[in-house]
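Per-entry structural report
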Amino acid sequence: MRVIGTVGLPGSGKGEVAAVAEEEDVPVVTMGDVIREECRSRGLDPAEHHGAVAKALREEDGPAAIAERTVPAVREAASRAGADAVLVDGLRSMVELARFREAFGESFLLVAITAPFDLRAERLGARGRDDSDLDVEALRKREERELDFGMGEVIDAADVTIDNTGTLEAFRRHARDLLVEDIERSAADGTREADAGGRT
Ligand SMILES: Nc1ncnc2c1ncn2[C@@H]1O[C@H](COP(=O)(O)OP(=O)(O)OP(=O)(O)O)[C@@H](O)[C@H]1O
């Protein structure tokens, strides 16, 4: 099974890559959903307590807590959909990256999405999903929090980087080509390894 993770600062385009994956019938597991699930099981409103619950999880179960819960969710999503690839949206730290590499080995591909702050701020302003999208200072704070978790290092450690400074159409095309080609290539490699009696 191929597992493709994405990493990128707020507004970089992770949601668009996830949408492209879904269009290609690649199931998507969002690390934020794992946190939202945990909020619900604690009787808390995810809209209000998302950040606090993410922090509590890391304090209680260690820095890989969210990745730890995401690994089985990835396997379940793959088997539920009968899919040979899954996209994991939103890695945040090197500890999480290490956990995915440990769980999925060579089958894990990390894709970073990059765009400058002003462009991301402008796109989030247009998205306007919630108040923080419209608030540039809130974006700066969110970004600082992400970077405190070590997201910059994760972006640097990616296997592939997509620069999202062009049009949305160009970005979606680039993401689609990358996903489709990578999944085809890894399936072919898996077949070759199986033919050679290797590990699949
Ligand atoms: N190349 C682009 N041109 C124009 N708009 C874009 C481009 N890429 C992404 N967008 C838009 O910018 C907004 C932010 O993108 P997206 O939601 O994918 O970011 P994200 O990385 O998931 O952000 P967050 O982490 O805040 O959820 C969306 O409305 C998206 O449609």
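Residues numbered from 1 in each chain as written. Predicted model: local features only at pLDDT ≥ 70, side-chain atom pairs only at ≥ 80, totals over all residues. Heavy atoms only, no water.

The protein chain is annotated in an unreviewed UniProt entry as UPF0200 protein HUG10_11860 of Halorarum halophilum. Recorded in UniProt under Sequence similarities (unreviewed entry), the annotation for the protein chain is "Belongs to the UPF0200 family." (UniProt positions renumbered as here; feature names shortened; annotations may be inferred.)

This brings us to the overall build of the protein chain. Check the secondary structure of the protein chain and you find 10 helices and five strands. A compact globule built from 200 residues should have a C-alpha radius of gyration of about 16 Å, and the protein chain, at 17 Å, falls within 12% of that. With respect to the principal axes defined by its C-alpha atoms, the protein chain has extents near 55 × 40 × 30 Å. A buried classification covers 42% of the 200 residues belonging to the protein chain. Contacts in the protein chain between residues far apart in sequence, at least 24 positions, make up 74% of those at least 6 positions apart. (Helix = DSSP H or I, 4+ residues; strand = E, 2+ residues; numbered from the N terminus. Rg over C-alpha atoms; globule rule 2.2 N^0.38 Å. Buried < 20%, exposed > 50% of the residue type's maximum accessible area, 1.4 Å probe, protein only. Contact = heavy atoms within 4.5 Å.)

Neighbouring residues of the ligand: 16 residues in total, closest Lys-14, Glu-16, Arg-127, Arg-142 and Asn-164. Here a nitrogen atom of the ligand sits 3.4 Å away from a polar atom, N or O, in the main chain of Leu-168. Alone, the ligand offers 630 Å² of accessible surface; in the complex the protein occludes 83% of this. The site holding the ligand turns out to be the largest pocket. Secondary-structure elements contributing two or more residues to the shell around the ligand are α1 (14-23) and α6 (117-127). (Near = heavy atom within 4 Å. Polar contact = N/O pair within 3.5 Å; in protein donor to acceptor, adjacent residues only side chain to side chain. Areas by Shrake-Rupley, 256 points an atom, 1.4 Å probe, with all protein chains shown as cover. 1 Å grid on protein atoms, 1.4 Å probe; cavity = no way out; pocket = protein on both sides within 12 Å on 5 of 7 lines; lining within 4 Å. Sits in = over half its atoms within 2 Å of the grid points.)

A complete count under the given rule lists two aromatic pairs for this structure. Geometrically, the ring pair formed by Phe-100 and Phe-104 is stacked, given 6.3 Å between the ring centres and 15 degrees between the ring planes. Of this pair, Phe-100 and Phe-104 both sit in helix α5 (residues 94-104), four residues apart, which is roughly one turn of that helix. Just as Phe-100 is buried, Phe-104 falls in that class too. Aromatic pair Phe-100 and Phe-108: ring centres 5.4 Å apart, planes at 5 degrees, arrangement stacked. Members of the aromatic cluster, connected to one another through ring pairs, are Phe-100, Phe-104 and Phe-108. (Phe/Tyr/Trp six-rings, centres within 6.5 Å; stacked < 30°, edge-to-face > 60°.)

What follows is about unusual backbone geometry. A positive phi angle, close to 60 degrees, is found at Asp-25, a residue other than glycine. Along the polypeptide, Asp-25 turns up in the loop between α1 and β2 (28-30). By relative accessible area, which is 67% here, Asp-25 ends up exposed.

Strand order in the open sheet formed by five strands is β2-β3-β1-β4-β5, and the pairing between neighbours is parallel. Two strands close off the open sheet at either side, each with one partner strand: β2 and β5 (160-163). Taken over all neighbouring pairs, the strand axes of this sheet differ in orientation by 25 degrees on average, direction set aside. Alignment of β2 against strand β3 (residues 85-89), held across three bridges, turns out to be parallel. Bridged to Val-28 within β3 is Leu-87. Most of the contacts of α1 go to β3, to which it runs at about 160 degrees, and overall it touches β1 (2-7), β2, β3 and β4 (108-114). (Pairing = 2+ DSSP bridges. Axes fitted to C-alpha atoms, helices over the stretch in contact; angles between N-to-C directions.)

Moving on: the pairing of β1. Within β1, six of the six residues are buried, which leaves it mostly tucked inside the rest of the structure. The alternating pattern of β1 places Arg-2, Ile-4 and Thr-6 on one face and Val-3, Gly-5 and Val-7 on the opposite face, and all of these are buried. Bridge count for β1 against β3 is five bridges, and the pairing is parallel. Residue Arg-2 lies in a different strand from β3, and its bridge partner there is Ala-85. Two elements, β1 and β4, share five bridges in a ladder whose sense is parallel.

We now examine the environment of Glu-122. Mapped onto the elements, Glu-122 comes out in helix α6. Sequence-wise, Glu-122 and Gly-11 are 111 residues apart; in three dimensions their C-alpha atoms are separated by 8.9 Å.

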